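Structural description and commentary
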Amino acid sequence: MTTTLITGANKGLGFETARRLVEAGHTDELGARFVQLDVTDDACVQAAVKTVEAEGGLDVLVNNAGIEVRGENNSIPPAVDTTADEMRTVFETNVFGVVRVTHAFLPLLQRSEAPVVVNVSSGLASLSRLSDPDSPAHFYQAVAYPTSKTAVNMITVQYAKAFPNMRINAVEPGFTATDLNGLSGTQTVEEGAEIIVRMARVGPDGPTGGYVDVDGPLAW
Ligand SMILES: NC(=O)c1ccc[n+]([C@@H]2O[C@H](COP(=O)([O-])OP(=O)(O)OC[C@H]3O[C@@H](n4cnc5c(N)ncnc54)[C@H](OP(=O)(O)O)[C@@H]3O)[C@@H](O)[C@H]2O)c1
């Protein structure tokens, strides 16, 4: 039996990932169960560790919870509007949340025979893409969200080196219609969850320390 914890699984890509992994046989015959988990809250995360530990441990962690700050009418805020407070809010969930949850669940993951971590990053994390005037992502002018996902990529690289017995990868689901972007994404959640599910299911000989989308490795 493989037990998987997905943060932010009540909707969007996390919910679809949970649905697919349950279908594939992750977790027990009861299917998915809900664990209260606010990734910005130490006490809440510690309580979730106790709950998951009492139920037998953890094999796969999917750090999926994420937020993006949008302006009026779902507009992408320009760099001139970026404030330290906005950065802090986005980093609290997208970056510190990933570290808080991963750090807390490391002891359980280290007890697993095939531990896996998937960090849900973004194509907007790519310094190569956002600095290339010919890239379709170049237009994206907001600062907080892409910066947070670039940090997620570096967290992935450093954790993958630190824990060679684990498979730890960052994934880009692609532009997917979810509440995050006011349903403006061009993919369905089924399409977006594909790479999350695939990297959640890698075996002990699978890749680690990568940044991938459904078609393969991406430029950092
Ligand atoms: N959609 C895209 O085009 C796209 C592209 C690239 C990457 N991503 C990434 O994919 C991931 C999932 O996003 P989505 O598109 O599925 O958006 P979504 O539908 O808005 O889902 C985001 C999920 O994160 C949860 N969440 C937010 N803050 C949280 C917190 N502090 N603690 C625990 N859970 C929290 C939300 O729960 P509540 O609703 O309860 O707050 C929700 O379940 C995010 O990391 C996002 O950055 C999305």
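Here, every reference points to the structure presented above.
The structure reproduced in this document is the subject of the present report. None of the values given here were measured: they were computed from a predicted structure. Numbering of residues starts from 1 in each chain and follows the order in which that chain's sequence is written. Given that the model is predicted, a residue must reach a pLDDT of at least 70 before its local features are reported, and side-chain atom pairs must reach 80 or more before they are shown or counted; all residues, however, enter totals for whole chains, interfaces and linings. Hydrogens and waters are ignored; side-chain quantities use all the structure's heavy atoms.

**Regarding the pattern of salt bridges**
- For salt bridges, the criterion is a side-chain nitrogen of Lys or Arg within 4 Å of an Asp or Glu carboxyl oxygen. The tally for this structure, following the rule as stated, stands at eleven salt bridges.
- With its nearest N and O atoms 3.3 Å apart, the salt bridge here joins Glu68 to Arg70.
- Think of it in three bands: residues with accessible area under 20% of the maximum for their type are buried, residues over 50% are exposed, and the middle band is partly exposed, with areas taken using a 1.4 Å probe on protein chains only. Glu68 sits in the buried class, given a relative accessible area of 13%.
- Residues Arg100 and Glu92 are paired through a salt bridge, measuring 3.1 Å at the closest nitrogen-oxygen approach.
- On the accessibility criterion, Arg100 (18% relative accessible area) is buried.
- The network of salt bridges with shared partners includes Glu16, Arg19 and Glu23.

**Some details on the packing of aromatic side chains**
- Stacked, edge-to-face and tilted are the three classes for Phe, Tyr and Trp ring pairs, Trp counted by its six-membered ring, which pair at centre distances within 6.5 Å; planes under 30 degrees apart are stacked, over 60 edge-to-face, the rest tilted. Tallied over the full model, the rule gives four aromatic pairs.
- Aromatic side chains Phe139 and Tyr140 sit 6.2 Å apart centroid to centroid with 80° between the ring planes, which places their arrangement in the edge-to-face category.
- Where Tyr211 meets Trp220, the ring centres are 5.3 Å apart and the plane angle is 25°; that geometry is what we call stacked.
- A relative accessible area of 40% means that Trp220 is categorised as partly exposed.

**Concerning the nonpolar core**
- Only buried Ala, Val, Leu, Ile, Met, Phe, Trp, Tyr and Cys residues count toward a nonpolar core, and they belong to the same one when joined by side-chain atoms within 4.5 Å. Counting 28 residues, the largest nonpolar core has Leu37, Leu58, Leu61, Val101, Phe105 and Ile168 as the members making the most contacts within it.
- Put simply, the parts of the chain that give this core at least two residues each are α2 (42–54), α3 (84–110) and α5 (144–162).
- Here a strand is any run of E in DSSP of at least two residues, a helix any run of H or I of at least four, and the numbering for each starts at the N terminus. When residues in this core are grouped by element, the largest group, nine residues, is from α3.
- Ranked by size, the runner-up nonpolar core spans 18 residues in total, among them Leu13, Leu21, Ala193 and Val202.

**Re the packing of α2 against α3**
- Only the stretch in contact is used when fitting a helix axis, every axis being a line fitted to C-alpha atoms; angles between N-to-C directions are given from 0 to 180 degrees. One can describe the packing of α2 onto α3 by two numbers: an axis separation of 10 Å at closest approach and a directional angle of 25°. Taken together, the axes of α2 and α3 are roughly parallel relative to one another. When you trace α2 past α3, the crossing you get is right-handed. Mapping the contact onto sequence places Asp42, Val45, Gln46, Ala48, Val49, Val52 and Glu53 in α2 and Arg100, Val101, Ala104, Phe105 and Leu108 in α3.
- For the contact of α2 with α3, a count of residues per class yields eight nonpolar, one polar and three charged. Comment on the angle field: the value is read as roughly parallel under 35 degrees, roughly antiparallel over 145, roughly perpendicular from 65 to 115, and oblique elsewhere. For any pair of crossing helices, the crossing counts as left-handed if the nearer helix is rotated counterclockwise from the farther one by less than a right angle, and right-handed if it is rotated clockwise. Between two residues, a contact is recorded if the distance between any of their heavy atoms is within 4.5 Å. The residue classification treats Ala, Val, Leu, Ile, Met, Phe, Trp, Tyr, Cys and Pro as nonpolar and Asp, Glu, Lys and Arg as charged. All others, Gly included, are polar.

**Quick word on the environment of Leu13**
- With respect to the helices, strands and loops of the structure, Leu13 is situated in helix α1 (residues 12–23).
- For Leu13, a relative accessible area of 14% corresponds to the buried category.
- Linking Leu13 and Ala177, residues 164 residues apart in sequence, is a C-alpha distance of 9.2 Å.
- Sequence-distant contacts of Leu13, that is, excluding residues within four places in its chain, are made with Asn64, Pro173, Thr176, Thr178, Val189, Gly192, Ala193 and Ile196.

**A look at empty space enclosed by the protein**
- Here a cavity is any set of points on a 1 Å grid over the protein atoms alone where a 1.4 Å probe fits but cannot get out, and a pocket is any open set with protein on both sides within 12 Å along at least 5 of 7 lines; a residue lines the site when it has an atom within 4 Å of a point. Grid points are joined across faces, edges and corners, and a volume is the space filled by probe spheres set on the points. Tallied over the full model, the rule gives one cavity of 30 Å³ or more.
- There is about 30 Å³ of room inside the largest cavity.
- Lining of the largest cavity is provided by Thr7, Val39, Asn63, Asn64, Ala65, Thr93, Gly97, Val98 and Val101.
- Per-element accounting of the lining of the largest cavity gives the leading share, four residues, to α3.
- Counted by class, the lining of the largest cavity contains four nonpolar, five polar and no charged residues.

**Observations regarding the site of the ligand**
- Here a residue counts as near a molecule or strand whenever at least one of its heavy atoms sits within 4 Å of it. Asn10, Asn64, Tyr145, Thr176 and Thr178 are the nearest of the 28 residues found near the ligand.
- Any pair of N or O atoms that falls within 3.5 Å is considered a polar contact. Within protein, one atom must be able to donate a hydrogen and the other to accept it, and sequence-neighbouring residues count only if both atoms are side-chain atoms. For the ligand, an oxygen atom lies 2.6 Å from a polar atom in the side chain of Tyr145.
- Residue Lys149 places a side-chain N or O atom 2.9 Å away from an oxygen atom belonging to the ligand.
- For the area figures, the Shrake-Rupley method with a 1.4 Å probe applies, and any residue is considered shielded solely by the protein chains shown. When isolated, the ligand has an accessible area of 890 Å², and the protein chains bury 84% of it.
- When contributions to the shell around the ligand are tallied by element, the ones reaching two or more residues are α1 and α5.
- Considering only residue class, the shell around the ligand consists of ten nonpolar, 13 polar and five charged.

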